[in-house]
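The chain contents come next:
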Amino acid sequence: MDVKGAITELDNIMDLYEAILKKKLPVKPQNKDFSSVAAKIEGEKAEDKTIQSMLSDIPDDFSQMDLNRLSNYVSTCTRCGLCKTRTNTVFGEGCSNRPKVMVIGEGPGEKEDLTGRPFVGLAGEYLDKWLKAIGLSRETNTYIANVVKCRPPQNRDPKDDEKEACKAFLYQQIALVMPSAILCVGKPASTLMTGKMDATMASLREKLFLFDSSIPMVCTYHPAAVLRNMELRRPVWEDLKRLSSIINPQIRG
Ligand code: URA
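Let us look at the overall build of the protein. Along the protein, the regular secondary structure elements total 11 helices and seven strands. Residue burial in the protein is summarised as follows: out of 253 residues, 53% are buried. In the protein, of all internal contacts separated by at least 6 residues, the share reaching a separation of at least 24 is 76%. When the accessible surface of the protein is totalled, it reaches about 12400 Å², and 50% of it is carbon and sulfur.

The structure is reproduced here in structure tokens:
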């Protein structure tokens with residue numbers, strides 16, 4: 001089967017799941033409090049630092065900023081070398097008030113750098129399909145951001161100092177947006193957010209983490225990696241179903 005055929009096959013499975021989900025979910029989504037769900041989950045604690053201690057480590061007073069001011073601040077940031085080659089910063093977009101899920105990717109690609117919006121290229125279209133399959137979309141209940149807010153040249157992986165320079169912005173975004181769950185896509189996001197810098201993607205995706213001791217967090221492969229290697233479709237689908245069972249506990253099993 002070629003890549004197009006494989007993606008279509010996955011699309012069909014996802015469409016089916018979306019239809020089942022629509023039948024099982026109440027017509028009007030309820031504004032659920034997910035803290036009780038998080039309390040029941042036996043997740044591994046991610047990172048040693050809490051959001052608060054992380055933010056208090058940072059000299060600039062952006063920990064006091066709201067999302068708009070933080071985004072403006074980031075747009076003129078020169079904390080690492082990526083600022084020299086960017087066209088636009090890519091801060092994040094979507095539902096910014098208690099979304100069901102916050103997706104964390106790696107960093108902007110070419111199209112994102114030109115538009116200032118996250119995940120708008122091919123990988124982004126594919127990510128939107130994943131989200132749709134489990135009842136999520138950036139228009140309604142999902143917020144999307146990246147580990148680094150500026151495009152790494154030639155789409156290389158962000159370097160450690162670049163991730164560190166941008167990390168506090170991401171933490172502050174999480175604190176302000178208050179997602180019920182987090183989905184990390186790809187290794188840079190998964191290793192940074194779990195604090196397990198040497199772990200493989202295969203080992204990280206098997207665990208459920210609790211970010212800041214309270215937010216359920218699932219790690220999976222990056223959509224661009226799945227577009228390159230269709231063998232990753234099934235593990236991703238398993239991970240999405242796991243995420244779905246966390247945010248929609250009424251359809252578990
Ligand atoms: N890949 C990412 O990780 N993030 C984007 O915004 C686009 C592609």
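Now for helix α8 (residues 187-194). α8 sits mainly inside the fold: seven of its eight residues count as buried. Gly-195, located one to two residues past α8, shows a positive phi value of around 80 degrees.

Further remarks concern the pattern of salt bridges. Summed over all chains, the structure comprises nine salt bridges. The partner of Glu-93 in a salt bridge is Arg-117, with the nearest N and O atoms 2.8 Å apart. Of this pair, Glu-93 sits in strand β2 (residues 93-94) while Arg-117 is found in the loop between α5 (110-115) and α6 (122-133), placing the two residues 24 residues apart along the sequence. The salt bridge involving Asp-128 is made with Arg-138; its shortest N-O contact spans 3.2 Å. Linking Asp-128 in helix α6 with Arg-138 in the loop between α6 and β4 (142-146), this pair joins segments that are 10 residues apart in sequence.

What follows deals with the packing of helix α4 (residues 67-75) against helix α7 (residues 160-177). It is at 10 Å that the axes of α4 and α7 come closest, and there the two elements cross at 165 degrees. As summarised for this structure, α4 and α7 are arranged roughly antiparallel, according to the angle between their axes. α7 is crossed by α4, and the crossing has left-handed handedness. From α4, Leu-67, Leu-70, Tyr-73 and Val-74 reach across to α7, where they touch Phe-169, Gln-172, Gln-173, Leu-176 and Val-177.

Counted by the stated rule, this structure contains three aromatic pairs. Relative to Phe-211, the ring of Tyr-171 has its centre 5.3 Å away and its plane inclined at 75 degrees; by these criteria the two rings are edge-to-face. With a gap of 40 residues between them, Tyr-171 in helix α7 and Phe-211 in strand β6 (residues 208-211) connect regions that are remote in the sequence. On the basis of relative accessible area, Phe-211 is assigned to the buried category, the value being 1%.

Here we come to the confidence of the model for the protein. For the protein, per-residue confidence averages 86 on the pLDDT scale, and residues scoring 70 or more make up 76% of the total. Under a pLDDT of 50 for its full length, residues 26-40 has, in the predicted model, 12 contacts with residues more than four places off or in other chains.

Its 18 residues place the ends of α7 25 Å apart at the C-alpha level, agreeing with the 26 Å of an ideal helix rising 1.5 Å per residue. Taken as a whole, α7 carries its principal kink of about 40 degrees at Cys-166. The buried count for α7 comes to 13 of 18 residues, which makes it a mostly enclosed element. The positive-phi residue at the C-terminal boundary of α7 is Met-178, with phi of around 55 degrees.

The buried fraction of strand β5 (residues 181-185) amounts to five of the five residues, a majority that puts the element mostly inside the structure. Side chains Ala-181, Leu-183 and Val-185 project from β5 onto one buried face, and the interleaved Ile-182 and Cys-184 project onto a second face that is buried too. Pairing of strand β3 (residues 101-105) with β5, which is carried by four bridges, proceeds in the parallel orientation. For Met-102, the partnering residue across the bridge sits in β5 and is Ile-182. Where β5 lies against strand β7 (residues 215-220), four bridges are found, and the strand directions are parallel. Among the inter-strand pairings, Ile-182 is bridged to a residue of β7, identified as Met-217.

Definitions and limits used
Residues numbered from 1 in each chain as written. Predicted model: local features only at pLDDT ≥ 70, side-chain atom pairs only at ≥ 80, totals over all residues. Heavy atoms only, no water. Helix = DSSP H or I, 4+ residues; strand = E, 2+ residues; numbered from the N terminus. Buried < 20%, exposed > 50% of the residue type's maximum accessible area, 1.4 Å probe, protein only. Contact = heavy atoms within 4.5 Å. Areas by Shrake-Rupley, 256 points an atom, 1.4 Å probe, with all protein chains shown as cover. Salt bridge = Lys/Arg side-chain N within 4 Å of Asp/Glu carboxyl O. Axes fitted to C-alpha atoms, helices over the stretch in contact; angles between N-to-C directions. Parallel < 35°, antiparallel > 145°, perpendicular 65-115°, else oblique. Left-handed = near helix turned anticlockwise from the far one by under 90°. Phe/Tyr/Trp six-rings, centres within 6.5 Å; stacked < 30°, edge-to-face > 60°. pLDDT = per-residue confidence, 0-100. Expected span 1.5 Å × (residues − 1). Bend = angle between axes of the 7 residues up to and from the residue. Pairing = 2+ DSSP bridges.

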